[in-house]
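Chains, contacts and geometry: an overview
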Amino acid sequence: MFYRENGQFKTSYQADLALFPIAQDRWALLALLAVAFVGVPLVGSDYFFRAVAVPFLILSLAAIGLNILVGYCGQISLGTGAFMAVGAYAAYNLQVRIEGMPLLLALLGGGLCATVFGVLFGIPSLRIRGLYLAVATLAAQFFTDWFTNRVKWVTNDSSSGSVSVGNLQILGFGIETPVQKYLLCLGFVAVFALLAKNLVRGAVGREWMAMRDMDVAAAVIGIRPVYAKLSAFAVSSFIVGVAGGLWGFVHLGSWEPAAFGIDRSFQLLFMVIIGGLGSIAGSFFGAAFIVLLPLLLNYVPHWLGLPLSTGTATHLEHMIFGALIVFFLIVEPHGLARLWSTARQKLRIWPFPH
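Report on the accompanying structure. Fair warning: this is a prediction, and the values are worked out from it, not measured in the lab. (Residues numbered from 1 in each chain as written. Predicted model: local features only at pLDDT ≥ 70, side-chain atom pairs only at ≥ 80, totals over all residues. Heavy atoms only, no water.)

A look at the packing of helix α4 (residues 80-97) against helix α10 (residues 225-252)
- Between α4 and α10, the least distance of the axes is 7 Å, while the angle of their chain directions is 60 degrees. What the angle tells us is that α4 and α10 run oblique. The interaxial crossing formed by α4 with α10 has right-handed handedness. For the pair formed by α4 and α10, the contact residues are T80, F83, M84, G87, A88, A91, Y92 and Q95 on the first element and S237, V240, G241, A243, G244, G245, W247 and F249 on the second.
- Its residues placed into classes, the contact of α4 with α10 shows 9 nonpolar, 7 polar and no charged. (Axes fitted to C-alpha atoms, helices over the stretch in contact; angles between N-to-C directions. Helix = DSSP H or I, 4+ residues; strand = E, 2+ residues; numbered from the N terminus. Parallel < 35°, antiparallel > 145°, perpendicular 65-115°, else oblique. Left-handed = near helix turned anticlockwise from the far one by under 90°. Contact = heavy atoms within 4.5 Å. Nonpolar A, V, L, I, M, F, W, Y, C, P; charged D, E, K, R; others polar.)

Right, dumping it as structure tokens:
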């Protein structure tokens, strides 16, 4: 009744292939952006921005990059944390070693360095697939952990192995308060999500999905596996590298190599699986789930009068993650995004049964 296409006539292919062909979707997205850019900064607390909003946005951006590689191109990756680390450390070195380097250029430069790194470790995907490719990307994680711990040049000869950044500025405006950091991350996420959505809808995205579904058939019809797979690694690594730079510069401020360890890689992979493979919206759902679940496990028992220790909550969190991954792989492989899509389809015909 409220979510119908009645009266929404399309007279061209361009209108039919629009990013949001249904008017309700366009208005809902505009309302969501208005709330995110205007409403949330007015009512959110500093704790909300530091502990919830900023981590959610940065992890969503990283999940979008990983989803392009895993969900759309079908190339398994267990080294996403390494690509985030390359983006963060490259952006740090660009800002430290080049005087007057703008923050935006440093973050994008970190993404470009992560692109080169991702393409190098994506070359094995031309010959291997599946579990063997996962092990190859895992090697990137181990190599990055060793490199950032052993090569002092990466950390600007820091004796402790940790680095720190400060005085974040964009066009002369300081990025200091939690609200300003939130708006910076939100701007990055909005731009990259729009670019990723348009990219996967175009010819490049169709090549990625053809390689994912059946690479032999895709090669037969003229799709170049070298270009398709390496372009997926390049785009994915660039987005993940920018997310890594934001994670280090905006969220942490100071970090050490352990901040981008293998746990981060598995966490991002869990986001993509739970949120939905091959879905940009699923990246947001997965990131929201990963960020909010620990908070709920900490607060809900206290609200219900059930004392729960921190260790118990941590173990319970891991158990729930594992159970949900198994559940989604068996029952709904497309994750929360498919549930959301099903609900939208039902709204289009409600209250009729067919």
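Let's talk about the packing of aromatic side chains
- Counted under the stated rule, the structure contains 17 aromatic pairs.
- Ring centres 5.8 Å apart and planes at 75 degrees place the aromatic pair F83 and F117 in the edge-to-face group. In this pair, F83 sits in helix α4 while F117 sits in helix α5 (residues 103-122), placing the two residues 34 residues apart along the sequence. Here F83 and F117 have matching classes, each one buried.
- Seen from their ring centres, F117 and F143 are 6.4 Å apart, and the 20 degrees between their planes marks the pair as stacked. One end of the pair, F117, is in helix α5; the other, F143, is in helix α6 (residues 131-150), with 26 residues separating them in the sequence. (Phe/Tyr/Trp six-rings, centres within 6.5 Å; stacked < 30°, edge-to-face > 60°. Buried < 20%, exposed > 50% of the residue type's maximum accessible area, 1.4 Å probe, protein only.)

Looking at unusual backbone geometry
- At N156, a residue that is not glycine, the phi angle is positive and equals roughly 60 degrees.
- The exposure class of N156 is partly exposed, given its relative accessible area of 33%.

Some thoughts on the layout of surface pockets
- In this structure, the largest pocket encloses a volume near 2000 Å³.
- In terms of lining residues, the largest pocket is bounded by 50 residues, among which F20, L29, I280, A281 and F284 are the most central.
- For the lining of the largest pocket, the elements supplying multiple residues, two or more each, are α2 (23-43), α3 (46-72), α7 (178-201), α8 (203-213), α12 (280-303) and α14 (335-349).
- Each residue belonging to the lining of the largest pocket can be placed in one class, and the counts come to 38 nonpolar, 5 polar and 7 charged.
- Each pocket or cavity is described by its volume, and for the second largest pocket that value is around 390 Å³.
- For the lining of the second largest pocket, the elements supplying multiple residues, two or more each, are α3, α10, α11 (262-275), α12 and α13 (310-330).
- Considering only residue class, the lining of the second largest pocket consists of 9 nonpolar, 3 polar and 3 charged. (1 Å grid on protein atoms, 1.4 Å probe; cavity = no way out; pocket = protein on both sides within 12 Å on 5 of 7 lines; lining within 4 Å. Points joined across faces, edges and corners; volume = space filled by probe spheres on them.)

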